[in-house]
Each structure stands twice: as structure tokens, then as C-alpha cells.
Amino acid sequence: MSGQAHERVNEVLSSWKEIASYLNRGVRTVQRWESMLGMPVHRPAKKSRSAVLAFRSELEQWLKNDTVAGEVNRSATRDDPPPPRITLSDLQRSVERCESLRSEMRINLREFNQALQQYGDTVRSLRFSSPRPRRQAAV
């Protein structure tokens, strides 16, 4: 085998175990990095649960990304998975939902205050309009 061909073969990591070993992490950790942080892993069968392979050069480049490096370092220091990534459209939908809920809350508060006012008016009208019961004299 030529030196260049041997180098290409050594660059390919052909299982989760090899990838994890290369990165000095556990298999579950590197699987989590792939799903949540976009670690570059290839699936020759193009199926989500098929065999994987990764190239050392792509992993090194991915690790050099400042955002990724920060997430990797944080997730390596704790057992819980990193929070899911939030896209701009997710954030926009959340803001729109908050605005909608705020609007609904204002309407509900206004209706509640009206109902409370009506209740108070009814209680006052009943208190002053009905005759007071007479007390019977003590025998």
C-alpha cells in the first residue's frame, strides 16, 4: 500500500467506538454530539440507524469551530445532554405565541374585572333592597 493510500485509510474512522476513542469520549457522548451539535458523521447507507464513518480531518475542523468547541467542552463536563438548538424560526414562533397569550390575558383580566364589578353591584343591591328580618322579642 502506498503512503498516500495508507494515510487515507488511517484517516477514516469506521464505527462509533473508533470515533469515540479518537475523541477520548464515550460512544453515547459522540452520538449526542452528532445529533445535537452537528458533528460530521457519514452514513454510507443513508439511513439514520446505519453504519457510520467519519474523517479525522473533518472532526478536527469541526472541533476548531469556536461555537462547537464551547458546547463540546461544556457537555464533556456534565452528564446531562446539552440543550437543544433553537432556530430563529422557533424563536419567532415563541415570541408570537407569547404576544398572543399576553393579548388573551388582557381580555380575560378585563372580563374578570367586569364580572367582579357586576357581582359587587348585585350584592350591594340585594343588601339594601331586601327588607331586614325582624327580630322577635325575647319572651
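Note: the structure precedes this text.
First, a word on what this report is: a plain description of the structure on this page. Keep in mind that what you see is a predicted model, and the values were worked out from it rather than measured.

### A look at the nonpolar core
- The biggest cluster of nonpolar side chains holds 15 residues, and the ones touching the most others in it are Trp 16, Ile 19, Val 30, Trp 33 and Met 39.
- Elements with a contribution of two residues or more to this core: helix H2 (16–23), helix H3 (27–37) and helix H4 (56–64).
- Ranked by residue count, the leading element in this core is H2, at four residues.
- Excluding residues that lie within four positions of it along the chain, Met 39 makes contacts with Trp 16, Ile 19, Leu 23, Val 30, Trp 33, Glu 34, Leu 59 and Trp 62.

### Quick look at the packing of aromatic side chains
- On inspection of all chains with the given rule, the structure shows one aromatic pair.
- A ring pair is formed by Trp 33 and Trp 62, whose centres lie 6.1 Å apart and whose planes are at 45°; its orientation type is tilted. Taken together, the positions of Trp 33 in helix H3 and Trp 62 in helix H4 put the pair 29 residues apart, joining distant regions of the chain. Here the two residues Trp 33 and Trp 62 agree in accessibility, since each one is buried.

Here is what the cut-offs are and how they apply
Residues numbered from 1 in each chain as written. Predicted model: local features only at pLDDT ≥ 70, side-chain atom pairs only at ≥ 80, totals over all residues. Heavy atoms only, no water. Core = buried A, V, L, I, M, F, W, Y, C linked by side-chain atoms within 4.5 Å. Buried < 20%, exposed > 50% of the residue type's maximum accessible area, 1.4 Å probe, protein only. Helix = DSSP H or I, 4+ residues; strand = E, 2+ residues; numbered from the N terminus. Contact = heavy atoms within 4.5 Å. Phe/Tyr/Trp six-rings, centres within 6.5 Å; stacked < 30°, edge-to-face > 60°.

Remember, this is a structural readout, not a statement about activity or role.
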